[in-house]
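A look at the structure
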There are 2 protein chains.
Amino acid sequence: KITKALTPEENASCQHGLFLQDGQKRVDYILTYPVREPSEGRCSQRSEQRLTESTVTHSACHSPQIQGGDLQLHQLQRRDASSAVAYVEMGCVEENNNSQEDHRSLKREEFEEKLRKMGLEIEKDEKALVPGVGFVKIHAPWNVLCREAELMKLKMPTKKVYEVKQSTGVVKTISSLVNKALELLHPHVDEHQQTSIKHLSHTFSRDKQHLFDLSDKDNFFDSKTRSSIFYFSAQLLYEEWANYSVFYKYQPIGLVRKYFGEKIGLYFAWLGLYTQMLILASLVGVIVFLYGCATVNDNIPSMEICHPKNNITMCPLCDRVCSYWKLSTSCGTARASYLFDNPATVFFSIFMALWAAMFMEHWKRKQMQLNYEWDLTGLEDKEQDPKRGRDGSAFILKGTVAAGGTATDLIQLTSGRHRLPAYVTNVVMMLLMIGVTFAVVFGVILYRISTQAALYMSSSPTSRSHIQLTVKTTAAIINLVIILILDEVYGAVARWLTVLEAPKNEQSFEEKLIFKTFILKFVNAFTPIFYTAFIRGRLVGRPGQYLYVFESYRAEECAHGACLMELCIQLSIIMLGKQLIQNNLFEIGIPKFKKLIRYLRSKQGSFIEEERKKKLHRYESDHFLEPFAGLVPEYMEMIIQFGFVTLFVASFPLAPLFALLNNIIEIRLDAKKFVTELRRPVATRAKDIGIWYSILRGVALVAVIINAFVISFTSDFIPRMVYQYMYSPDGSLHGFVNHTLSYFNVSHFEHGKETMDPLHLGYPVEVCRYKDYREPPWSPSPYEISKEFWAVLAVRLAFVIVFQNVVLLMNEVVDWLIPDIPKDISLQIHKENTLLVDLVMKEDRDKTRVPERGASSGTKKTYRNNNN
Amino acid sequence: KITKALTPEENASCQHGLFLQDGQKRVDYILTYPVREPSEGRCSQRSEQRLTESTVTHSACHSPQIQGGDLQLHQLQRRDASSAVAYVEMGCVEENNNSQEDHRSLKREEFEEKLRKMGLEIEKDEKALVPGVGFVKIHAPWNVLCREAELMKLKMPTKKVYEVKQSTGVVKTISSLVNKALELLHPHVDEHQQTSIKHLSHTFSRDKQHLFDLSDKDNFFDSKTRSSIFYFSAQLLYEEWANYSVFYKYQPIGLVRKYFGEKIGLYFAWLGLYTQMLILASLVGVIVFLYGCATVNDNIPSMEICHPKNNITMCPLCDRVCSYWKLSTSCGTARASYLFDNPATVFFSIFMALWAAMFMEHWKRKQMQLNYEWDLTGLEDKEQDPKRGRDGSAFILKGTVAAGGTATDLIQLTSGRHRLPAYVTNVVMMLLMIGVTFAVVFGVILYRISTQAALYMSSSPTSRSHIQLTVKTTAAIINLVIILILDEVYGAVARWLTVLEAPKNEQSFEEKLIFKTFILKFVNAFTPIFYTAFIRGRLVGRPGQYLYVFESYRAEECAHGACLMELCIQLSIIMLGKQLIQNNLFEIGIPKFKKLIRYLRSKQGSFIEEERKKKLHRYESDHFLEPFAGLVPEYMEMIIQFGFVTLFVASFPLAPLFALLNNIIEIRLDAKKFVTELRRPVATRAKDIGIWYSILRGVALVAVIINAFVISFTSDFIPRMVYQYMYSPDGSLHGFVNHTLSYFNVSHFEHGKETMDPLHLGYPVEVCRYKDYREPPWSPSPYEISKEFWAVLAVRLAFVIVFQNVVLLMNEVVDWLIPDIPKDISLQIHKENTLLVDLVMKEDRDKTRVPERGASSGTKKTYRNNNN
């Protein structure tokens, strides 16, 4: 299955540099730092230093070459480092002077001393071929690994194996059939073949080493099968994962976790599950859409609008220059609007709310399963362990934090002194940023209103049909561009604010950063959509008493009864535009561009690139790869997409489909990026996706409320219902259009606002119609809000209450029905516990028997502390 | 501080029987079983056997005598027992024949054999003085304890001590002042003195025995201080806890936990926190009530009603026999109603919703703190470990389950065979029971309506004022009695249904039982209240078109505009009645009565009671105590009370006060019961209060919605608001009463329904008024629902939406603001982790040094598996 084996030379060249000078001890980790070369001037040095701002390079042989670093070990060392007040090197940003450099090198030496004290072996390599960069190779001996594994309470596989219970009889036949059918979807990776034998795991303890299979110590702290497949794993990932042609297959998550660590493994597992769940959602979404298409001709309201006999004269759409118009001209809009505003939409929003709950439940189960498979069940929560330096001031590995792995630039935080002003700055800045978003959205609205008014005035009546389109398109594009720009700005602002706040530990740093970024990006992405859904078309006033913005422009209206359609258009433009541009341009283009810059810059140096490149160790050439920027942007992108899929799904049933198409590409794109474009990130242990789960839950909750409001207030669902059951003479929707239109006596127009062309339709108009529930001119209180308005409003609000509570209740039921721990996992856990008890009991008996016989072998522990 | 020391004889007599026959090995646990005595007939034997249905007696020396059993040990053994297919003895319920008895004794021997295999030492005592009961004394040797502690990953204190950081400077002064002020509130128990030194805890491992202080092995598996205070703890609990005179003090939770185990400790900690939180709630409640009292004279609507000049003629309250009446006669009701229906009520409901959220958050923190203090942080969840017998069929210690400790009657469950029918039976029975509740409530309503109608007809007009009172009182009492009876019935039904369902393990059994019991008792307690709040007075129709029940009785109305007051009366009667009767009669009376019965029954035997009693070992006389029935009823009572406090709190601001008064008694009552009336329950480990937390959360969520509806629909808050802001000419409430009354033309009464005494008021009436929003007779659509109705309805619904979402959001904010782990605990956990790392590192270095010197001492482990 492995198509391309490495040639011996390639293999050798890759292996080279992976061992310390004795050729025996494997390099587990490499740190880099800037070196001041006496031959070079300050200027070039500074640029070099900036180049090496991310100073921890991983000894990664990237695909298709092979990587010899030890995942487990990295984790261990990261812990060492942080508990010993980690300090690698700060990038040179300020003016570089000697005393600063001395200070830094002093700190570095101090740090290296601490590493040595912990038992790590260190070798420096300042004569590397990359100028201005020093490399520190680190090897972790066996006893250090053991000690750290014990401290971390790592669960490791013991010698004891047991058979996983196989299903029998009919169930077996069925499951084997299903497996065969799914065979094609699984990647060609050994791990996926269902094994019937599993190693019993136990918390590692040096006193119990006899329990574990230590025959291959070099690979013990990798997971069990890794020793055999490891040299091919990168290559395998390249073939079977980071490849668009396998888009239809499951991901080899186990392999991903082995290569990149649990945290990144969890991200891809989550993304995979999300994408899988999207298949269901898009299927239902497409069916709902097709239902709309199929029934569009049976829709009575749009038929009534389109029927030429229903000769309804509408009031002008703008002051003076516009004239009366026939309702039948909006026939097309009415029909199109029905596609998004039909009874199936209500069903779909309820379905999507349940879908979100189901997704979350399934993720909990998946996470539990992965925790079990990856032996993380004993891992303690990080929150309980704030990693603070012992000397009071806290250093944090900001890179590790923000990047979720690679220790890059370090920041020193002064604890708690500048808290209050930082907090105030935070709140003020956040409000300011949100204010900016609102201002921008308002600006775009103004642009739309004023341009439209201007175009109405100047253009000939024949070209007016094009006006709407032009204005809408340009406005949407402006909107999109601004959103994309602000997205980048907000990311930087959130990071800056979080650094300012100086949180106490990594966990807290990451959470605060994510929280801020999420708030800002969420507001940024959804403000224009929120406006379209709930504000546009509500505050227009009525003929004779319109509401004006800046006293000259009438507030925006939706096209006749098609607010939901406008919402749909807005939503699809922002969602698709964001995905296409951010994915393709930013995620593929920018890294390529940055790599090019990096490459060109290093070329500016005074040595022959080609020659050098050949001689470079793998870890030296990896230095030119992009550093790993963390999982935050990846998750953030997906959460915002999750928002698009759930929040306004009532108006856009195709959203899940577009998300699905995007994600199928996204998985492979991310995979490619991780395998080939980035320095291999330090593996990080994680039990769950942390704060992202809470954010997902929050979005799902908000989605329920927003969908309730979209259905009851933006769509015409409730007015139709109310008409049908309270006012319709025959229980059908016939007459509904007429019922929703109020009467206006044209003589009541304000002076100067009446149309200049009253005979535009060919006959004099006395009473025109407009869409609102108001009393007619001939009632005792003309143009007052009518009883129908209040009745519809009450039903709308009642619908919101019922919808929200029913959906929340159904969510609780789903939560309750689907157990958090899959049944087979809970059975296996129980089996393992029983086996463990047996093991200990047996050992106990053995130990008791030995002294009875009076024999004491040298290789066995014979000391017993038994007082009975 | 210990007022009454034991006399030497008492001490000796208590100690007697607490050791095996060698006088050295302590009895840790006692099992009892029925013995067939050849001299006795079948009949008396059967009664004896029924007497000993609860067959696990604890070797408990109850207060004020001293108890020598070992809590820790019990826990260990319970685990042993259940993992080895526990079987103690079944009570004799069926016809007792020899083959059955043989079978049982065979099983018992099998079980005893298993216990022995585990290393436990067993001694039988069939010659005990209680006839028909055999006692099995069990001793767990040191090595068994060690093994089980290791398997359970118990955290035990190590030798290493560290200083808990003391606050300094001003903070210290303040906290010491506060401590001094609170001194009086703390019980006179040593544990509460703040210690500045704490033992570092570590998961117990036999290979690391040198870490632990094993100088006193007898008491090591108790908690650290217990050895010194244990012999006095029962006495202390009796003095400082189970005593009404210390009601104002904190509870000695640590001591309770040591004596009764974590599960019961958590219950009392929870109850204590709940009671503490109730102080705040009742304070605010009283203030709100006083505010109502103080402002009752400024209330414009009631002033308008009472003013004799407002000569409003109301429509008759019943058909034919009743006549028109003056609104001013309901002046008293209107004024009283204001006490419960004023703006402060809205504030109070919001406050109580937040209070519930805060209570839950505080409980999470308290639980975390207790987990830390009790070294439970490493305890694994039980759910992952279904305790199933290895031979396929599952035995469960039903007693342990249901009673939360005492293993009583055992049931053998056939796994999964009868599942489906049992499930169907469950659902059907639950629905049936709920139906019964509804039927009963409907019956009470019918009683009220019909009695009232009958009384109206027969009585003289002068006595009519007494009618209301009589009917209401009798109805309320009937209601209360039925609720109390059904409560007991439902408890039994829920248990029966759960046994039928045959859940797989203890955990599941308990959860299912609690769930069912809760549903039934909740519905039972709240159906009549729900009816009063939301149905009564809504479906009455209008004059000329009243709604009739069984075509003759008009549906119930509230007294004029006083639905909220009726709700309040109903609520207080049920709540107070339930508390008084269930607490005093059931919790004190019944156990005393049962004990008496037990005592009398045993007297029926043919031996001299007095003589025997003197000779009895403590464990034998404890056999006559009531077995521990579990915590379920205790929790259930409190949860239902929590429902009364939160669910309809908008109508009854004094509910928290009554709950507080009840709970102050309840804590000491429960304490007394646990210490003196019941057999000492087997200590059970628990990390949290389990399903009760979810139920609490559910009740708090439902409370938000119900309060929203009570405020907007039951109270007049929204109509007043709407009138003030939409209709009032001067923005005040003047004219509100008139606005809420519709007009009715008396000539429109149905034939035969009009009053027989039209001139009752002394003048002919043409138009009477009734409370509703309907069109007047002279409108184009007379008696139709008016625009005001819809407007008020819309505002009501909007209020519900806003209230619910604002309160839920505030709950989330509270949840987010209050960290789950108290800061000092999280700091201490971190400190412990750091110390542990240091300890291991130091040990590591020591070990490395020894072989370097070439020395290998015999008492130290010297075998090292170090390949470097």
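Residues numbered from 1 in each chain as written. Chains lettered and ligands numbered in written order. Predicted model: local features only at pLDDT ≥ 70, side-chain atom pairs only at ≥ 80, totals over all residues. Heavy atoms only, no water.

Taking an unreviewed UniProt entry as the reference, chain A is identified by name as Anoctamin belonging to Nothobranchius furzeri. UniProt's Sequence similarities (unreviewed entry) comment on chain A is quoted here verbatim: "Belongs to the anoctamin family." (UniProt positions renumbered as here; feature names shortened; annotations may be inferred.)

Considering the overall build of chain A
The secondary structure content of chain A amounts to 27 helices and 15 strands. Taking all 868 residues of chain A together, 54% fall into the buried category. Intrachain contacts of chain A at a sequence separation of at least 6 include 81% that bridge at least 24 residues. Carbon together with sulfur atoms contributes 60% to the accessible area of chain A, which is approximately 38,700 Å² in total. (Helix = DSSP H or I, 4+ residues; strand = E, 2+ residues; numbered from the N terminus. Buried < 20%, exposed > 50% of the residue type's maximum accessible area, 1.4 Å probe, protein only. Contact = heavy atoms within 4.5 Å. Areas by Shrake-Rupley, 256 points an atom, 1.4 Å probe, with all protein chains shown as cover.)

A word on the packing of helix α13 (residues 343-373) of chain A against helix α23 (residues 691-714) of chain A
Residue and element names in this part refer to chain A. The geometry of α13 relative to α23 is characterised by a closest axis approach of 10 Å and an angle of 170° between their N-to-C directions. When the axis of α13 is compared with that of α23, the two are roughly antiparallel. In contact with Val 346, Ser 349, Ala 353, Ala 356, Phe 359, Met 360, Trp 363 and Lys 364 of α13, α23 contributes Tyr 693, Leu 696, Arg 697, Ala 700, Val 704, Asn 707 and Ile 711. Residue composition of the contact of α13 with α23, by class: eleven nonpolar, two polar and two charged. (Axes fitted to C-alpha atoms, helices over the stretch in contact; angles between N-to-C directions. Parallel < 35°, antiparallel > 145°, perpendicular 65-115°, else oblique. Nonpolar A, V, L, I, M, F, W, Y, C, P; charged D, E, K, R; others polar.)

A look at the state of the cysteines
All names here are of chain A. By the definition in use, this model includes five disulfides over all chains. With its sulfur 1.9 Å from that of its partner, Cys 306 forms a disulfide with Cys 331. Judged by the sign of its S-S torsion, about 90°, the cystine formed by Cys 306 and Cys 331 is right-handed. In this pair, Cys 306 is assigned in helix α11 (residues 300-306) and Cys 331 in helix α12 (residues 331-340), connecting sequence segments 25 residues apart. Since its relative accessible area comes to 21%, Cys 306 is described here as partly exposed. Judged by relative accessible area, Cys 331 falls into the buried class, the value being 19%. In this model, Cys 315 is linked to Cys 768 through a disulfide, with the two sulfur atoms separated by 1.9 Å. (Disulfide = S-S within 2.5 Å.)

A look at a nonpolar patch on the surface
Residues and elements named next belong to chain A. Residues Leu 420, Tyr 423, Val 424, Val 427, Val 428 and Leu 431 make up a contiguous nonpolar surface patch of about 600 Å² in total accessible area. Position of Leu 420 among the secondary structure elements: in helix α15 (residues 419-458). Residue classification places Leu 420 among the exposed residues on the basis of a relative accessible area of 62%. (Patch = residues over 30% accessible without salt bridge, like charges linked within 9 Å, V, L, I, M, F, W, Y side chains within 5 Å. Salt bridge = Lys/Arg side-chain N within 4 Å of Asp/Glu carboxyl O.)

A short note on a positive patch on the surface
A cluster of basic residues, Lys 114 and Lys 117 of chain A together with Lys 160, Lys 842 and Arg 845 of chain B, forms a positive patch at the surface. Elements supplying a minimum of two residues to the positive patch: α4 (98-117) of chain A together with α27 (823-853) of chain B. By the secondary structure assignment, Lys 160 of chain B is in strand β4 (residues 155-163). (Lys, Arg positive; Asp, Glu negative; His and termini not counted. Charge placed at Lys NZ, Arg CZ, Asp CG, Glu CD.)

Brief notes about the side chain of Asn 479 of chain B
Here Asn 479 of chain B is to be found in helix α16 (residues 464-501). In contact with Asn 479 of chain B, not counting residues within four places along its chain, are Val 444, Pro 528 and Gln 570 of chain B.

Examining the nonpolar core
Grouped together as the largest cluster of nonpolar side chains are 211 residues, with contacts concentrated most on Trp 355 and Phe 648 of chain A together with Trp 355 and Phe 648 of chain B. Residues contacting Trp 355 of chain A, with those up to four places away along its chain left out, are Tyr 274, Met 277, Leu 278, Leu 280, Ala 281, Phe 642, Val 645 and Thr 646 of chain A. (Core = buried A, V, L, I, M, F, W, Y, C linked by side-chain atoms within 4.5 Å.)

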